[in-house]
Amino acid sequence: MNTADRTPPQFLTGGGEVGHLLRSFDWSGNPLGEPDQWPQSLKTAVSIVLRSGYPMFIWWGPHLINIHNDAYIPLMGHKHPAFLGKPAPEIWYEIWEESLLPMKNRVFDQQESVYGQELMLLLERKEFPEEGYFNFSYSPIIDETGQVGGLFCACHEETDKVLRQRRLQTLNELSSRITPAPDRDSVGRAAIEVLTKNYKDLPFSAFYLLDAQQTEARLSGTSGVLANDAVFAQTVPLQTGLAGDFWNVQAVAQTGEPALIENVSEKITALQHAITDRLPDRAYVLPIQPGNPENRFGVLVFGLSPHRAFDTEYRIFLEMIGAQIATVIDTLEAHEMELQRSRQLAEIDRVAQETIAQNRQKADEHVRSIIHQAPVGIAVLMGDQFVFEAANETYGSLVDKHPDEILGKPMLDALPELRGQGITELLANVVKTGQPYFGNEFPVTLNRAGRPELVYFNFIYQPLRRADQSVSGIIVVANDVTELVTSKYKLQESERQFRNLVIQSPIAMAIFRGPEFIIEIANETMLKTLWKRTLREVQGKKLLDIFPELRDQPYPQLLTNVLQTGISHTDKEALTYIKTKAGVGKYYLDYEYAPLFGTDNRVAGIMVTVNDVSEKVLARISINEAEQRSRLAIEAAEMGTYDLDLETGGFLYSERLAAIFGLARHQPFPRIAFEERIHPDDLPVRARAYEQALKTGRLLYEVRLKESGGQIPWVRVVGSIIFNEQKQPVRLLGAAIDITQQVEARKSLEEAAEVLEKRVEQRTLELQNSNHELLRTNHELEQFAYIASHDLQEPLRKIQTFSELLRESLHDEASSQVLLEKISSSAQRMSALIRGVLNFSRLSKTDEQFVPTDLNQILASVKTDFELLLEQKGAILSQDTLPTIPAIPLQLTQLFTNLIGNSLKFSEKNPVIHISSSRPSSEEIKSIPPLNPDKTYIKLTFKDNGIGFDQNYAEQIFIIFHRLNGRKSYSGTGIGLALCKKIVENHQGFIAAESTPDQGATFSVYLPT
């Protein structure tokens, strides 16, 4: 039967390239038979696999017939499409018996799922057995008989992540090992030791050092090759033609250009370590040279892995090794050439300018070459009219025009159909804000082949900046994703089999239902790795009730869009915050929201697929930071450089920086050692510069250093702050230079201005203190006026009244005696009031000297004064050991006397008094406004078991003549606690009281130490 004459089954519709191949495949001679005769379980599984965006395949029946999807094609390599519909043992013959057969048997014989994480496989998908790493699961597919009919695999290739982590580890270890090396030979030995460990990327290596005259290359060390194999010559002459230089050491050393060596397996007979017995057949020879290409230090020979393609990332990794070694050697050479450089400064400047111009031209040519070779559309737009300055052929194919047709034209002249589609508004906003714009599946109508066509793009509008950071143009990077958008998720769900695949998948998956996103199911990977909850805790509940923190993130709106439009949503490396019992977790996620259609072709739910790529993203960020540090070290060779990790406090610096700051070379110093070298008067300048740098990203300040050799040096410090995706500062890269001679003329003027400013500040402070003292004195005068008008007149009135009564009662001796006693009592009270007022007024004089005062001696003296009263009342007076503080002894004696006297007076049972001391915390000091947070204090506590008082009166009791109890119950003038407050204020302290009626009182006194 002709396959073109039959209508394909509904379950085979869609599926991209593989779907087309399956529909056109001749199944008549295949063990599976015609598709319309396949069991329903196989039809359901195939329909799911074809429309998934993740790599998947099925092996069905006893022959293990293979059916995969479009996403799996890159993993098949050159085996696609030839092996579609073929038995799995034929496809993967190279790894079948050792790796795949045991896992297949577990699935078919024991009905168990098999999981693998970062499993290394050597796949024959290219011209060589390729090293690959995969996360995957093999799950049984149960057919209509209840037996295992086939095997389902969902997988995700982790090769790029594993390679980046492995190479980053090598670069980090290399940096830490070679940086402290004292000379070039030590650098070479340390580098070879590090390279030996990464035999998967570097099967072998050799390091040649050039002599000072660059006439001979001497072998410094090798890795990977056997010790008795004479693979590398011990010396290679460079000045004469050399026959038989297999490794091209002479040519690379002379030209400074890297070389790729073929047929290496003819030279290498065996290796110390290897993945397989396959020998490397190529090597990459790299010159070790600093920014000046004429001054080369050596040559590195790298054996290339026979199991990896020598792609751009592989080459950059090798070049970064060379750059790190060159940077360290360049730093060593710089120290030796410092004196010679001063005599050749003029000539170096001329050569440097020429070199910069040449390098800039090469860089421009290199950038343009990259743009034209890029597999994505790239264009450069300049000016307000967005004129096409550059565009590669891929971009031209996207807009159906040759690049020559649009270059030099404004965008709307070259592509008039873009008018009114919002493109110019997006570009104008990028120029205005300086922020890039990322478009995902953005719809655009273009004129293609003479007619309008709706297409979809993923694109980036990246601002192109001038030297002053202003935006001069926009770089456009675009990729046509029309086919992806128009072919998404057309399959109705198959309930039983689909739920089984979700649960057993090693990829985090879940299904939401309805507009409130009810959680129907989530597999173990989702629950354990991301949600940190059990299925019972989430099943049947609303998503936003379980994760309310998502309300402030874009995901609820994205889910709503998918539910309403039926169009899936995919994002890569999306930053997400998820709250679990352990706290809020930060993740970078690749995810997909795919609509699930019901029988009525309406969206009934959403399938969520998530892959945690946080490690990959963080590893890439680390690589970028390492590259940035290397570039800065090369460009700033004439300055002292440093690298500060703002999150951990880690501090790296060059030897030149230590010399500028007057610190010894070749010795480790913490960051604080550099800060301590800064002149104390200039520390505020540095602080303000750091504060401004956190806003602008650029650090710049000039400060003095402490005196060294009879001179006060000046330095200028510059730096650049690196921010993460949340705009938080994570790293500061910078440099410093000695500018002593440039600021000598400015120094005298700044010092004079500083002296004048200090005088103004001092006069201002004195005026503020005088105003404060005047206000306080006025307040005390008001209190004394009240005394004169009330309290001091009251005893006088009683004396006058009782005298009149006495005159009238002279004939009655008994009454006269009573009146005389009352007159005497009023006179005594008036005397006590006058003494209290005098004592209070004397405390206003602050000319008494503060001396070291032992509070234990003060308390002992007071206890002696109260000895008889303590015995009469049966009182218990205990104490802790008290400190010695600067104070006025006589006033503190009066303070202790008044507080202890109050405790003895206001007591209805045997008094118990305890006096203790403690150091208040900085938080406690800050909570008391009268205290100075910059000072230290001692806290004295006077606690008794007396009658107490209502806490509402805790402040009123310190007001002069204010009493809470009647004189008939307890004697007193109402001045004692006012005196205590006055004494404490004279000592720049604070006093407070806490009490409950009938529960005693506690007085807390804070005094500076």
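It should be emphasised that the depicted structure is a prediction, and the values quoted were computed from it without experimental measurement.

Student: Outline the overall build of the protein, supporting the account with residue identities and numerical values.
Tutor: Assigned secondary structure in the protein consists of 33 helices and 33 strands. Across the 1009 residues that make up the protein, the buried fraction comes to 44%. Sequence-distant contacts in the protein: of pairs separated by 6 or more residues, those separated by 24 or more amount to 56%. If you sum the accessible surface of the protein, you get close to 52700 Å²; carbon and sulfur atoms cover 52% of it.

Student: Kindly report on the sheet that holds strand β15 (residues 451–465), identifying the contributing residues and their values.
Tutor: Strand order in the open sheet formed by five strands is β13-β12-β16-β15-β14, and the pairing between neighbours is antiparallel. Looking at strand neighbours, the two that pair on one side only are β13 (387–391) and β14 (437–448), the edges of this open sheet. Neighbour to neighbour, the strand axes of the sheet diverge by 35° on average, direction disregarded. Here strand β12 (residues 377–382) runs beside strand β16 (residues 471–480); their pairing, made up of six bridges, is antiparallel.

Student: An account of the nonpolar core is needed here, citing residue identities and associated values.
Tutor: Core analysis: the biggest nonpolar cluster contains 36 residues, and I900, F1003 and V1005 have the highest contact counts within it. Only α29 (855–865), β29 (884–887), α31 (889–905), β30 (912–918), β31 (937–944), α33 (976–986), β32 (990–995) and β33 (1001–1008) provide two or more residues apiece to this core. In terms of residue count, α31 provides more of this core than any other element does, six residues in total. The residues touching F1003, leaving out its near neighbours within four places in the chain, are L899, L940, T941, F942, I957, F958, L977, A992 and A993.

Student: Tell me what's going on with the packing of aromatic side chains, and back it up with residues and numbers.
Tutor: All told, the structure shown has 32 aromatic pairs when counted by the stated rule. These aromatic residues form a ring-pair network of at least three members: F57, W59, Y72, W96, F136 and Y138. The positively charged end of K104 is found above the aromatic ring belonging to F108, 5.4 Å away from the centroid. Between R167 and the ring centre of Y314, over which it is positioned, the NZ or CZ distance is 4.7 Å.

Student: Outline the packing of α29 against α31, supporting the account with residue identities and numerical values.
Tutor: Interaxial distance between α29 and α31 falls to 9 Å at its minimum, and their mutual angle equals 55°. Taken together, the axes of α29 and α31 are oblique relative to one another. Along this stretch, α29 crosses α31, giving a crossing that reads as right-handed. Within the contact between the two elements, α29 uses L855, I858, L859 and V862 and α31 uses P889, L892, T893, F896, T897 and I900.

Student: Describe the environment of I371, listing the residues and the values that go with them.
Tutor: Mapped onto the elements of the fold, I371 is located in helix α11 (residues 345–373). When the C-alpha atoms of I371 and A391 are compared, they prove to be 7.7 Å apart, with 20 residues separating the residues in sequence.

Student: Requested: an account of the side chain of R731, with residues and values cited.
Tutor: Inspection of the secondary structure assignment puts R731 in strand β26 (residues 729–738). On the accessibility criterion, R731 (12% relative accessible area) is buried.

Student: Lay out the pattern of salt bridges in plain terms, naming residues and giving numbers.
Tutor: In total, this model carries 29 salt bridges according to the counting rule given. Here R166 and D201 are joined by a salt bridge, their closest N and O atoms 2.9 Å apart. With R166 in helix α6 (residues 159–178) and D201 in the loop between α7 (184–197) and β6 (205–210), this pair connects stretches of sequence that are 35 residues apart. By relative accessible area, which is 14% here, R166 ends up buried. Of the residues examined, D201 reaches a relative accessible area of 0% and is grouped as buried. Close ionic contact of R731 with D643 constitutes a salt bridge, the shortest N to O distance being 3.7 Å. Within this pair, whereas R731 is found in strand β26, its partner D643 is found in strand β22 (residues 640–645), the two being separated by 88 residues in sequence. The class for D643 is buried, based on a relative accessible area of 8%. Through salt bridges with shared partners, a single network forms among E131, R166, R167 and D201.

Student: Which residues make up the sheet that holds strand β28 (residues 876–879), and what are the values?
Tutor: With mixed pairing, the five strands of this open sheet are ordered in space as β28-β30-β31-β33-β32. Here the strands that pair on one side only, and so sit at the sheet edges, are β28 and β32. On average, each strand axis in the sheet is inclined to that of its neighbour by 15°, with strand direction left out of account. In this structure, β28 lies alongside β30, joined through four bridges in parallel fashion. What sits directly across from L877, in β30, is I913.

Student: How would you summarise the pairing of β30 if you had to cite specific residues and measurements?
Tutor: Relative to β31, β30 is paired through six bridges, and the arrangement is antiparallel. Paired with H914 across the strands is K943, a residue of β31.

Student: Mind laying out the environment of E615, listing which residues take part and the relevant values?
Tutor: Mapped onto the elements, E615 comes out in helix α22 (residues 614–635). With 453 residues separating them along the chain, E615 and V162 place their C-alpha atoms 10.0 Å apart. Ignoring sequence-local partners within four residues, the contact set of E615 consists of K161 and Q165. Among the polar contacts made by the side chain of E615, one reaches the side chain of K161 at a distance of 3.3 Å.

Student: Summarise helix α18 (residues 524–531); cite the residues concerned and give the values.
Tutor: All buried positions along α18 are accounted for by M526, L527, L530 and W531. End-on view of α18: buried residues confined to an arc of 115°, all on one side of the axis. In the stretch just after α18, K532 is the one whose phi turns positive, near 55°.

Student: Tell me about the side chain of E131, and please be specific about residues and values.
Tutor: Relative to the elements of secondary structure, E131 occurs in strand β4 (residues 130–142). Sequence-distant contacts of E131, defined by excluding residues within four places in its chain, comprise M120, L121, L122, T159, R166, K200, I275, H307 and R308.

Student: Which residues make up α6, and what values go with them?
Tutor: Counting along an α-helix, one turn takes 3.6 residues, and residues three or four places apart therefore face a common direction. With 20 residues, α6 should cover 28 Å at 1.5 Å per step; its first-to-last C-alpha distance of 29 Å lies within 8% of that length. Considered for burial, the residues of α6 that qualify are T159, K161, V162, L163, R166, R167, L168, T170, L171, L174 and I178.

Student: Hey, could you go over unusual backbone geometry for me, with residue numbers and the actual values?
Tutor: At the junction of H80 and P81, the peptide bond is cis and its omega measures out at 5° in the coordinates. Within the fold, P81 resides in the loop between α3 (73–76) and α4 (88–91). A positive phi is found at E118, a non-glycine position, where the angle reads about 50°. In this model, D400 sits at a positive phi of 60°, which is unusual for a non-glycine residue. Secondary-structure assignment places D400 in the loop between α12 (393–398) and α13 (403–406). A residue is classified by how much of its surface remains accessible, and D400, at 41% relative accessible area, is partly exposed.

Student: I'd like to hear about the confidence of the model for the protein, residue by residue, with values.
Tutor: Of all residues in the protein, 81% have pLDDT values of 70 or greater, and the mean over the chain is 84. In the model, residues 342–346 has pLDDT below 50 throughout and makes zero contacts with residues more than four positions away in sequence or in other chains. Considering only residues more than four positions removed or in separate chains, one finds that residues 488–494, a stretch of pLDDT under 50, has 24 contacts.

Student: Now, about the environment of T145: what can you tell me, with residues and values included?
Tutor: Position of T145 relative to the elements: it lies in the loop between β4 and β5 (148–157). In this structure the side chain of T145 is engaged in a polar contact, spanning 2.6 Å, whose partner is the side chain of D143. A distance of 3.4 Å separates a polar atom in the side chain of T145 from the backbone nitrogen of Q147.

Student: So what's going on with the packing of α31 against α33? Residues and values would help.
Tutor: Packing of α31 against α33 brings their axes to within 9 Å, and their N-to-C directions diverge by 145°. Helix-helix and strand crossings are classified by hand; for α31 and α33 the assignment is left-handed. On α33, the residues touching Q891, L892, Q894, L895, N898, L899 and N902 of α31 are G976, L977, L979, C980, I983, V984 and N986. Tallied by class, the residues present in the contact of α31 with α33 amount to eight nonpolar, six polar and no charged.

Conventions we followed
- Residues numbered from 1 in each chain as written.
- Predicted model: local features only at pLDDT ≥ 70, side-chain atom pairs only at ≥ 80, totals over all residues.
- Heavy atoms only, no water.
- Helix = DSSP H or I, 4+ residues; strand = E, 2+ residues; numbered from the N terminus.
- Buried < 20%, exposed > 50% of the residue type's maximum accessible area, 1.4 Å probe, protein only.
- Contact = heavy atoms within 4.5 Å.
- Areas by Shrake-Rupley, 256 points an atom, 1.4 Å probe, with all protein chains shown as cover.
- Pairing = 2+ DSSP bridges.
- Axes fitted to C-alpha atoms, helices over the stretch in contact; angles between N-to-C directions.
- Core = buried A, V, L, I, M, F, W, Y, C linked by side-chain atoms within 4.5 Å.
- Phe/Tyr/Trp six-rings, centres within 6.5 Å; stacked < 30°, edge-to-face > 60°.
- Lys NZ or Arg CZ within 6 Å of the ring centre and 35° of its normal.
- Parallel < 35°, antiparallel > 145°, perpendicular 65-115°, else oblique.
- Left-handed = near helix turned anticlockwise from the far one by under 90°.
- Salt bridge = Lys/Arg side-chain N within 4 Å of Asp/Glu carboxyl O.
- Polar contact = N/O pair within 3.5 Å; in protein donor to acceptor, adjacent residues only side chain to side chain.
- Arc of directions from axis to C-beta.
- Expected span 1.5 Å × (residues − 1).
- pLDDT = per-residue confidence, 0-100.
- Nonpolar A, V, L, I, M, F, W, Y, C, P; charged D, E, K, R; others polar.

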